[in-house]
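# Structural characterization, general
These are the residues of each chain, in order.
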Amino acid sequence: MLKLIENPVPWPNGAKVAVAITFDIDIDSILHLAHRDTSHKLINAQSLLRYDRISVRRIVDMYRHFGLRQTFFFPAWCMEQYPDLVDYILEGGHEIAHHGYIHEHPNEQVSKEDELYWLQHGTDVIQRMTGKRPAGWRAPLYNFSEHSADLLAQEGFLYDASLMGDDVPYILKSQSGEVIEIPSHWSLDDWPQHSYAPEFDFISPIKSPDQGMDVYMAEFEAARKYNGLWVSIWHPTVTGRLSRCDRVAKMIEMMLDSGDVWFATMEEIALHIQKCRAEGTFVPRIENMPTYAKPLEASTFKVSAPRRTFQANG
Ligand SMILES: [Zn+2]
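Residues numbered from 1 in each chain as written. Predicted model: local features only at pLDDT ≥ 70, side-chain atom pairs only at ≥ 80, totals over all residues.

## A look at the packing of helix α3 (residues 52-66) against helix α5 (residues 83-91)
Two quantities define a packed helix pair, namely the angle between the helix axes and the distance between the axes. It is at 10 Å that the axes of α3 and α5 come closest, and there the two elements cross at 5°. The orientation of α3 relative to α5 falls into the category roughly parallel. When α3 is examined against α5, the residues Arg53, Val56, Arg57 and Val60 are found in contact with a partner set consisting of Leu85, Tyr88 and Ile89. When the residues that make up the contact of α3 with α5 are grouped by side-chain class, the tally is five nonpolar, no polar and two charged. (Axes fitted to C-alpha atoms, helices over the stretch in contact; angles between N-to-C directions. Helix = DSSP H or I, 4+ residues; strand = E, 2+ residues; numbered from the N terminus. Parallel < 35°, antiparallel > 145°, perpendicular 65-115°, else oblique. Contact = placed C-beta atoms within 7 Å. Nonpolar A, V, L, I, M, F, W, Y, C, P; charged D, E, K, R; others polar.)

## A short note on the nonpolar core
Residues Ala18, Val19, Tyr159 and Ala270 are the most contacted members of the largest nonpolar core, which totals 68 residues. Beyond its immediate stretch of four places on either side in the chain, Ala18 contacts Trp11, Leu229, Trp262, Ala264 and Ile269. (Core = buried A, V, L, I, M, F, W, Y, C linked by C-beta atoms within 7 Å. Buried ≥ 20, exposed ≤ 12 C-beta atoms within 10 Å, placed from the backbone.)

## Description of the pairing of strand β1 (residues 17-24)
When you tally the buried positions in β1, you get eight out of eight residues, the bulk of the element. Residues of β1 alternate between two faces, with Val17, Val19, Ile21 and Phe23 on one and Ala18, Ala20, Thr22 and Asp24 on the opposite face, all of them buried. Of the strand pairs in this sheet, β1 and strand β11 (residues 261-263) are connected by three bridges, and their pairing is parallel. By the bridge assignment for β11, Val19 is matched with Phe263. Both β1 and strand β10 (residues 229-234) contribute to a ladder of six bridges, which runs parallel. Paired with Phe23 across the two strands is Trp234, which belongs to β10. Pairing analysis gives three bridges linking β1 to strand β2 (residues 71-74), with the strands arranged parallel. (Pairing = 2+ DSSP bridges.)

## Notes on helix α9 (residues 209-225)
Under the 1.5 Å per step criterion, the end-to-end length of α9 is 24 Å for 17 residues, consistent within 8% with the ideal 24 Å. Where α9 bends most, the angle comes to about 25°, and this point is Val215. Taken as a whole, α9 has its buried residues at Pro209, Gly212, Tyr216, Phe220 and Ala223. The inward-facing, buried residues of α9 abut β1, α8 (191-194), β10 and α10 (242-258). Looking one or two residues beyond α9, the residue adopting positive phi is Asn227, at roughly 55°. (Expected span 1.5 Å × (residues − 1). Bend = angle between axes of the 7 residues up to and from the residue.)

## Some details on the environment of Phe144
Counting through the fold element by element, Phe144 comes out in the loop between β4 (136-137) and α7 (148-154). In the structure, Phe144 is positioned 39 residues away from His105 in sequence and 7.7 Å away in space, judged by C-alpha atoms. Look past the residues within four positions of Phe144 in its chain and what remains in contact with it is Pro106, Asn107, Ala139, Ser162 and Leu163.

## Description of the environment of Arg64
Along the chain, Arg64 turns up in helix α3. As a C-alpha pair, Arg64 and Gly92 span 28 residues in sequence and 6.8 Å in three-dimensional space.

## Remarks on unusual backbone geometry
Each neighbour pair has its own omega, and for Met289 with Pro290 the value is -5°, a cis peptide bond. Checked against the element boundaries, Pro290 lands in the segment after β12 (286-288). Not every positive phi belongs to a glycine, and Asn13 is a case in point at roughly 55°. Here Asn13 shows up in the segment before β1. For Asp201, which is not glycine, the phi torsion reads 55° and is therefore positive. Under the C-beta neighbour-count criterion, Asp201 is labelled exposed, with 7 such atoms within 10 Å.

## With respect to the packing of α9 against α10
Between α9 and α10, whose axes approach to 9 Å, the crossing angle comes to 40°. In terms of orientation, α9 and α10 fall into the oblique class. The handedness of the crossing between α9 and α10 is right-handed. Residues Pro209, Asp210 and Met213 of α9 lie in contact with α10, whose contacting residues are Ser243, Arg244, Arg247 and Met251. (Left-handed = near helix turned anticlockwise from the far one by under 90°.)

Printed below as a string of structure tokens:
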């Protein structure tokens, strides 16, 4: 049989694929960050993003209907602003993971100390509001910095969910230790499929729920065929809208009916990887971080390759 993943993971109970439907509950944090002086005037954008107040509850209710527990990545500022959503998620038995304080971008912080400050501040809020330190982190807008792996290890995080470097979990090794990377890809993010947000210069034709699902399901079928991993990066303001959520319910039904899908929280996936690694049944790839500690030397770019020119026909 064709083998397209070199080191597939032995998922629990012979499952062919691990599935984690993760939602990032950014609510209006991104509006205040992008429009610091005028966000209070952008009422329509506020309403679009604060739709999360409706859709997070809808998603939790849907999971309850199917008997699933999943992972929500939650900026700590949003947790403070909308504590009732935190309670609703916790009542459903779900995992809450770290997604920045107010969706600040780690690789745009002025120093490693600044990044550490916001990481610790977010952790403190999560611990206070959930009674548990977060096991995992996803960098806001995937903006992982050259210090992030080291800070996550230093702060005792079990896993990261920001990167796209493999089809199965791998290890980020830095000076302070190791963190399990549970990767995904833009093809499982819902913004490219369905978002239309002029305030963020994000304007693309909105696809139907089925068209978006075609992209997600191509990823699922391949992951299932080759014992991979399927982690969505969805947003309640996008995929929690009524028609898309209805389509997701059909997807969950189909996955449950297949009988060989392991639905898990991200923490459960990371713990499984840790266990397999200890038993020697899975040897994850180890990636040393950061890849580059500083920009390449200027001399690297003094190449004398002939410049290609392209001419249009006619
Ligand atoms: Zn986000």
